[in-house]
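# Notes for the structure review
Now for the letters of each chain:
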Amino acid sequence: MSNKNSNNASAASLDPATPAEWAAFRQQAHGMLDDMLGYLQDIRERPVWQPIPDAVRNSFREPLPRAPGELSEAHDTFMDSILPYSIGNVHPGFMGWVHGGGSAVGMLAEMLAGGLNANLGGRDHIPIEVERQIVRWVRELFSFPETASGVFVTGSSTANLIGTLCARTRKLGTDVRTAGVAASTQRLTAYTSARAHSCVAQAMDLSGLGKDMLRMIPTDAQGRMDLNVLTAQLKVDSERGFTPFLIVGTAGTVDAGAIDDLTAIAQIARQHDAHFHVDGAFGALAMLSPVLAPRLKGLELADSVAFDFHKWMQVPYDAGFVIVRDGELHLDTFATQQKTYLKRDVRGMAAGSPWPCDFGPDLSRGFRALKTWFTLKVYGADKLGQVIEHSCALAQYLQERIVGTPELQLLSPVALNIVCFRYLPAGVSDEFADRLNQEIVIALQESGIVAPSSTTMGGHFAIRAALFNHRTTTQDIDALLNAALAFGKELAASTATDKEQA
Ligand SMILES: *Cc1c(COP(=O)(O)O)cnc(C)c1O
């Protein structure tokens with residue numbers, strides 16, 4: 001290789017090779033950015049969701065591409081075959097599951113993080129300080145002590161698993177990590193509400209403790225864990241020789257947004273020397289709103305909290321987080337038992353221990369902190385709190401409209417931002433109403449106007465509107481009800497006719 005060429009790009013490089021190629025790439029890149037900004041700006045003009053045509057689905061079953069292709073062609077495919085067929089959570093009419101709406105600022109931060117390509121497992125670089133900044137802000141928001149540790153994870157499913165593993169270490173000591181749970185003579189039992197997210201049971205499975213050892217405590221009329229039943233169950237289990245080690249409270253159930261009595265659970269957990277973990281997947285960030293924060297009283301007493309920045313705080317997927325009051329316990333659960341983090345360098349690139357990899361199962365980790373940092377810096381905590389309040393105000397508006405409409409029935413009290421209801425014209429049976437409402441939900445989703453989901457409430461099939469998107473307005477709530485009533489009327493007539501003909 002000549003000296004002249006040795007300054008040039010490597011033949012193996014994936015980057016454009018010449019200034020002219022860079023210029024063309026840059027132009028294409030700007031076009032791609034503009035397309036996504038256009039998507040966000042004009043999102044209302046699109047259907048929320050549309051069924052995927054077979055041809056589009058099948059176009060993703062091609063053989064491994066061996067030869068290079070044009071970036072512009074891949075982007076065209078994205079625009080034609082990917083962008084129109086996403087689930088629609090960016091759209092203001094999306095009211096399906098507990099999904100965040102994302103934001104333009106978060107999108108840009110994702111691009112910057114992609115360019116930087118930082119690996120946040122460890123070592124001494126400023127991206128890790130950005131993650132630690134978020135840990136400090138979370139401590140401040142939740143009134144946790146300075147000794148509390150935190151780490152980004154994919155989502156609350158993993159964050160709840162981390163909380164469960166910390167609770168396991170607390171009761172069984174670090175030996176459980178080498179000897180395994182089978183070596184212990186203690187039979188550990190955990191407690192959560194019957195309305196808790198299924199990942200709480202999964203955490204018992206993955207931690208080797210077993211789902212059977214999770215007691216699902218029934219809920220009261222407000223959807224909160226019944227604390228009399230909890231206390232009675234703890235007594236029975238203790239008498240039978242079990243060791244209660246973990247109580248998981250929920251701050252915002254997925255079905256109806258109910259918040260457990262966290263203060264009372266904290267006290268019960270303390271009496272039994274059990275770890276008090278809160279699944280606050282979406283609800284915990286209601287702390288951003290001074291109006292809603294009092295509803296989360298007791299969160300500050302938790303031993304650990306799992307939550308997601310990607311839900312109510314609108315950070316693009318994924319950005320889950322766990323905070324653990326006792327940072328030492330957290331380290332004891334994940335760092336090497338030889339505490340190698342204490343022996344790492346104090347200077348050079350390998351300084352700055354403990355690292356994020358000492359607080360969770362991941363070694364290679366992306367820069368989730370950056371999009372979270374941008375979201376907080378650009379919008380500010382107050383504005384994000386107002387977004388959360390706005391969702392709750394929309395839920396109240398929806399509730400009022402349901403109560404004021406004779407053909408509609410509210411199926412659970414509106415605690416935060418989730419509303420469950422059904423279409424129930426006079427004189428129809430429960431069985432008929434279940435089938436009818438099932439059809440209404442599908443018709444609404446296929447219409448592309450609004451996209452609610454469904455759940456079961458008090459034994460009834462319920463239409464569930466989960467209001468998380470910052471773009472949603474009363475216009476979308478009206479569209480939901482008008483379309484639900486229109487489809488309900490139409491489907492009730494045709495379903496009744498089907499029945500007569502059958
Ligand atoms: C969304 C959610 C989860 C799961 O969180 P992921 O981020 O999807 O892993 C757990 N619990 C509750 C209450 C949730 O809303």
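A brief report on the enclosed structure follows. (Residues numbered from 1 in each chain as written. Predicted model: local features only at pLDDT ≥ 70, side-chain atom pairs only at ≥ 80, totals over all residues. Heavy atoms only, no water.)

### A look at the overall build of the chain
In terms of helices and strands, the chain carries 15 helices and 12 strands. Over its C-alpha trace the chain gives a radius of gyration of 26 Å, about what one expects of a compact globule, namely 23 Å for 502 residues. Here the C-alpha coordinates of the chain stretch approximately 90 × 65 × 45 Å along the principal axes. Within the chain, buried positions represent 48% of all 502 residues. A sequence separation of at least 24 residues applies to 74% of the contacts in the chain between residues at least 6 apart. For the chain, the computed accessible surface area is about 24100 Å², with 53% contributed by carbon and sulfur atoms. With 43 positive and 54 negative side-chain charges, the chain shows a spacing of 6 Å between the two charge centroids. (Helix = DSSP H or I, 4+ residues; strand = E, 2+ residues; numbered from the N terminus. Rg over C-alpha atoms; globule rule 2.2 N^0.38 Å. Buried < 20%, exposed > 50% of the residue type's maximum accessible area, 1.4 Å probe, protein only. Contact = heavy atoms within 4.5 Å. Areas by Shrake-Rupley, 256 points an atom, 1.4 Å probe, with all protein chains shown as cover. Lys, Arg positive; Asp, Glu negative; His and termini not counted. Charge placed at Lys NZ, Arg CZ, Asp CG, Glu CD.)

### Some details on the packing of helix H6 (residues 126–142) against helix H13 (residues 368–403)
Between H6 and H13, the shortest axis-to-axis distance is 9 Å and the interhelical angle comes to 55 degrees. As judged from the angle between their axes, H6 and H13 are oblique. Two packed elements cross with a definite hand, and for H6 against H13 that hand is left-handed. Here Val 130, Glu 131, Gln 133, Ile 134 and Trp 137 of H6 lie close against H13, whose contacting residues are Ala 369, Thr 372, Trp 373, Leu 376 and Lys 377. (Axes fitted to C-alpha atoms, helices over the stretch in contact; angles between N-to-C directions. Parallel < 35°, antiparallel > 145°, perpendicular 65-115°, else oblique. Left-handed = near helix turned anticlockwise from the far one by under 90°.)

### Concerning the nonpolar core
Counting 67 residues, the largest nonpolar core has Phe 142, Ile 247, Val 305 and Phe 309 as the members making the most contacts within it. Here this core gathers at least three residues from each of two domains, domain 1 (111–379) and domain 2 (383–501). Apart from the residues within four sequence positions on either side, Val 305 is in contact with Phe 142, Phe 144, His 277, Val 278, Ala 284, Leu 299, Phe 321, Val 322 and Ile 323. Residues Leu 394, Val 419, Val 450 and Ala 484 belong to the second largest nonpolar core, which totals 29 residues. (Core = buried A, V, L, I, M, F, W, Y, C linked by side-chain atoms within 4.5 Å. Domains from an automatic or database assignment.)

### Brief notes about the pattern of salt bridges
Using the criterion set out here, one finds 18 salt bridges in the structure. Taking the shortest distance from any N to any O, the salt bridge between Arg 215 and Asp 237 comes out at 3.0 Å. Here Arg 215 is found in strand S4 (residues 214–217), whereas its partner Asp 237 is found in helix H10 (residues 227–239), with 22 residues between them in sequence. For the residue pair Arg 215 and Asp 237, the accessibility class agrees, reading buried in each case. Residues Asp 430 and Arg 422 are paired through a salt bridge, measuring 3.1 Å at the closest nitrogen-oxygen approach. Asp 430 sits in the partly exposed class, given a relative accessible area of 40%. Because the salt bridges share partners, they merge into one network encompassing Arg 170, Lys 171, Asp 273 and Asp 303. (Salt bridge = Lys/Arg side-chain N within 4 Å of Asp/Glu carboxyl O.)

### Notes on the site of the ligand
Taken together, 14 residues are adjacent to the ligand, and Ser 156, Ser 157, Asp 279, Asp 308 and Lys 311 come closest. The side chain of Ser 157 places a nitrogen or oxygen atom 2.7 Å from an oxygen atom of the ligand. Relative to its unbound accessible area of 380 Å², the ligand is 85% covered by the protein chains. Tallied by class, the residues present in the shell around the ligand amount to 5 nonpolar, 6 polar and 3 charged. (Near = heavy atom within 4 Å. Polar contact = N/O pair within 3.5 Å; in protein donor to acceptor, adjacent residues only side chain to side chain. Nonpolar A, V, L, I, M, F, W, Y, C, P; charged D, E, K, R; others polar.)

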